[in-house]
Amino acid sequence: AGIAAEPEQVVKKYLENVEKPLEEDCIICMEPLNIASGYSDAVESKNIKPTAVGKLKKCAHTFHQLCMLAMYNNGNKDGSLQCPACKTIYGEKTGTQPKGNMEFSSIPQSLPGHQDCATIYIVYTIHPGTQGPGHPNPGKPYSARGFPRHCYLPDNEKGRLVLELLKLAWARRLIFTIGVSSTTGESDTVVWNEIHHKTEMNSNFSGHGYPDPNYLDNVIAELAAQGVTEDCLKM
Ligand code: NAD
Ligand code: ZN
Ligand code: ZN
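In this report, we go over the structure that sits alongside the text.

## Things to note about unusual backbone geometry
And then number 1: A cis amide bond links Phe147 with the next residue in sequence, Pro148, at an omega value of -5°.
And then number 2: Residue placement: Pro148 occurs in the loop between strand E9 (141–142) and strand E10 (149–154).
And then number 3: Omega for the peptide link from Tyr210 to Pro211 comes to 5°, which places this bond in the cis form.
And then number 4: Along the chain, Pro211 falls in the loop between strand E12 (189–192) and helix H4 (215–225).
And then number 5: Phi is positive for Lys77, close to 50°, though the residue is something other than glycine.
And then number 6: Residue position: Lys77 is located in the loop between helix H2 (65–74) and strand E4 (81–82).
And then number 7: Judged by relative accessible area, which is 38%, Lys77 ranks as partly exposed.

In structure tokens form, the structure reads like this:
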């Protein structure tokens with residue numbers, strides 16, 4: 001992750017000063033932009049005034065600068081910002097996936113719906129451990145159920161692209177997170193993040209199997225929503 005920049009610097013880097021804000025509300029604190037940030041009492045800043053307003057450089061959504069700082073401080077402080085209105089990512093978003101291992105290989109069988117090619121087989125292994133910064137309960141243990149988890153992609157051009165994107169998402173700690181499992185209700189456990197995987201090869205009891213003609217396009221879109229795109233692979 002490298003050495004994190006100061007939170008104020010990160011906010012300043014991606015926001016342009018707005019001198020005369022329009023008469024609209026800040027969607028972070030719900031207060032009008034022409035009065036002080038609703039987070040003025042909760043967040044201290046030497047360089048950002050409670051009335052300062054900023055516009056995000058790419059998407060042009062506008063917020064109190066102090067509200068942006070509060071939002072950033074509330075996350076994993078990786079030097080990136082995500083617009084709370086439109087989800088545009090500034091910088092490189094990383095997640096809180098605990099340490100583990102990702103392995104992949106090709107197997108000769110084909111998947112339902114992809115009879116013309118072999119299969120990419122991915123195995124994720126994560127062991128239980130202790131939560132760190134950015135997790136729901138730092139210092140408390142987390143469980144890791146159902147590992148190793150086995151996943152499948154068609155071994156064709158688009159499937160191999162998805163594999164490369166998943167490898168990058170793994171490196172950026174975006175595949176899993178720690179939270180409450182919606183399947184089991186257990187808290188403080190390792191759960192899939194917002195990138196869907198196919199965990200059944202020849203059946204579809206869970207709804208996470210094949211055939212699914214839209215799967216590769218859907219997962220490419222989910223990866224893009226986390227800032228992981230084909231362009232990142234060219235850099
Ligand atoms: P979750 O239930 O909180 O769901 C998070 C996301 O994962 C959701 O988008 C959901 O649609 C997706 N998801 C749910 N079940 C999935 C599955 N079988 N394959 C692929 N994606 C799935 O997340 P979670 O608790 O990490 O995932 C639940 C799945 O993990 C279980 O169905 C099972 O495969 C595995 N698991 C196994 C055990 C075990 O003891 N063997 C325990 C917990 C979870
Ligand atoms: Zn605000
Ligand atoms: Zn935006």
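## Focus: the coordination of the zinc ion (ligand 2)
Each donor-metal-donor angle in an ideal tetrahedron of four donors is 109.5 degrees, and each such angle in an ideal octahedron of six donors is either 90 or 180 degrees.
And then number 1: The coordination sphere of the zinc ion (ligand 2) contains the protein donors Cys26 (SG), Cys29 (SG), His64 (ND1) and Cys67 (SG), at a distance range of 2.1 to 2.3 Å.
And then number 2: The coordination sphere of the zinc ion (ligand 2) comprises four donor atoms, whose angles at the metal cover 97 to 118°; the geometry is tetrahedral.
And then number 3: Within one chain, the residues serving as donors to the zinc ion (ligand 2) are arranged as C-x2-C-x34-H-x2-C. Within this pair, whereas Cys29 is found in the loop between strand E1 (15–18) and strand E2 (53–56), its partner His64 is found in strand E3 (residues 62–64), the two being separated by 35 residues in sequence. Take Cys29 and His64: they sit in the same class, and that class is buried.

## Regarding the packing of aromatic side chains
Aromatic rings considered in pairs are described by the distance between their centres and by the relative angle of their planes.
And then number 1: This structure, assessed with the given rule, holds eight aromatic pairs.
And then number 2: For the ring pair Tyr124 and Trp170, a centre distance of 5.5 Å and an interplane angle of 25° mean the geometry is stacked. On the criterion of sequence distance, the pair formed by Tyr124 in strand E7 (residues 119–126) and Trp170 in helix H3 (residues 157–171) is long-range, its members being 46 residues apart.
And then number 3: Tyr124 sits in the buried class, given a relative accessible area of 0%.
And then number 4: Overall, Trp170 belongs to the buried group, its relative accessible area being 15%.
And then number 5: For the pair Tyr124 and Trp192, a centre-to-centre distance of 6.0 Å together with 80° between the ring planes defines the contact as edge-to-face. Here Tyr124, found in strand E7, pairs with Trp192, found in strand E12; they are 68 residues apart in sequence, far enough to count as distant.

Quick notes on the rules
- Residues numbered from 1 in each chain as written.
- Chains lettered and ligands numbered in written order.
- Predicted model: local features only at pLDDT ≥ 70, side-chain atom pairs only at ≥ 80, totals over all residues.
- Heavy atoms only, no water.
- Helix = DSSP H or I, 4+ residues; strand = E, 2+ residues; numbered from the N terminus.
- Buried < 20%, exposed > 50% of the residue type's maximum accessible area, 1.4 Å probe, protein only.
- Donors = N, O, S within 2.8 Å, 3.2 Å for Na, K, Ca; no water.
- Tetrahedral: all angles 85-135°; square planar, octahedral: opposite > 155°, others 65-115°.
- Phe/Tyr/Trp six-rings, centres within 6.5 Å; stacked < 30°, edge-to-face > 60°.

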